[in-house]
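Each chain, letter by letter, is given below.
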Amino acid sequence: MQQCVLIYDDDIEILKVCRVILELQNYQVETLSNCNSVIEDISMIKPDIILMDLWIPEAGGENAIKTIHENSSTKHIPVILFSANDQIEIISKRVNATGFLKKPFDILALREIIKNSLP
């Protein structure tokens, strides 16, 4: 059974690139450009892992991760924060993300952080 990666990013090109990279690794990939309904999205998609952009419009990645961690049905799902923000490591620790990936990212780094963060 394929593992599912849910990617939140408002940059359509990033979503396309991530989809291609991860589908080549035999992951099911779902993408969304906002995280306003993050709990409902997760409930419908049932991802094994989430890749969350920090600067996604409206709710924002930090708030979305907090919401995921506060919900008993979603708190077990690994969440990787990714951004070009220089403070990504500090923010990742502050929101208790599973890990972080700094943009621009290397293809191998993306594949490795997903693989190593899955249960």
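Everything below is about the structure shown above.
Residues numbered from 1 in each chain as written. Predicted model: local features only at pLDDT ≥ 70, side-chain atom pairs only at ≥ 80, totals over all residues. Heavy atoms only, no water.

A. Looking closely at the overall build of the protein chain. Assigned secondary structure in the protein chain consists of 5 helices and 5 strands. The order of helices and strands in the protein chain, counted from the N terminus, is β-α-β-α-β-α-β-α-β-α. Compactness check: the protein chain gives a C-alpha radius of gyration of 13 Å against a globular reference of 14 Å for 119 residues, within 12% of the reference. Based on the C-alpha atoms only, the size of the protein chain along its principal axes is roughly 35 × 30 × 25 Å. Buried residues in the protein chain amount to 45% of all 119 residues. Sequence separation of at least 24 residues holds for 60% of the intrachain contacts in the protein chain that already meet a minimum separation of 6. Of the roughly 6,500 Å² of accessible surface on the protein chain, a fraction of 51% belongs to carbon and sulfur atoms. The average position of the 11 basic charges and that of the 17 acidic charges among the side chains of the protein chain differ by 5 Å. (Helix = DSSP H or I, 4+ residues; strand = E, 2+ residues; numbered from the N terminus. Rg over C-alpha atoms; globule rule 2.2 N^0.38 Å. Buried < 20%, exposed > 50% of the residue type's maximum accessible area, 1.4 Å probe, protein only. Contact = heavy atoms within 4.5 Å. Areas by Shrake-Rupley, 256 points an atom, 1.4 Å probe, with all protein chains shown as cover. Lys, Arg positive; Asp, Glu negative; His and termini not counted. Charge placed at Lys NZ, Arg CZ, Asp CG, Glu CD.)

B. Structural context of the packing of helix 1 (residues 12-23) against helix 5 (residues 107-117). For the pair helix 1 and helix 5, the least separation of the axes is 10 Å and the interaxial angle reads 65°. The hand of the helix 1/helix 5 crossing is right-handed. Residues Cys-18, Ile-21 and Leu-22 of helix 1 pack against Ile-107, Leu-110, Arg-111 and Ile-114 of helix 5. Per-class residue counts for the contact of helix 1 with helix 5 are 6 nonpolar, no polar and 1 charged. (Axes fitted to C-alpha atoms, helices over the stretch in contact; angles between N-to-C directions. Left-handed = near helix turned anticlockwise from the far one by under 90°. Nonpolar A, V, L, I, M, F, W, Y, C, P; charged D, E, K, R; others polar.)

C. Spatial organisation of the pairing of strand 5 (residues 99-102). Of the two faces of strand 5, the one holding Gly-99 and Leu-101 is buried and the one holding Phe-100 and Lys-102 is not buried anywhere. Here 4 bridges tie strand 4 (residues 79-83) to strand 5, and the two strands are oriented parallel to one another. Bridge pairing links Leu-81 to Phe-100 in strand 5. Running through helix 4 (residues 88-94), the crossover from strand 4 to the neighbouring parallel element strand 5 is right-handed. (Pairing = 2+ DSSP bridges. Right-handed = clockwise from strand over helix to strand, strands pointing away.)

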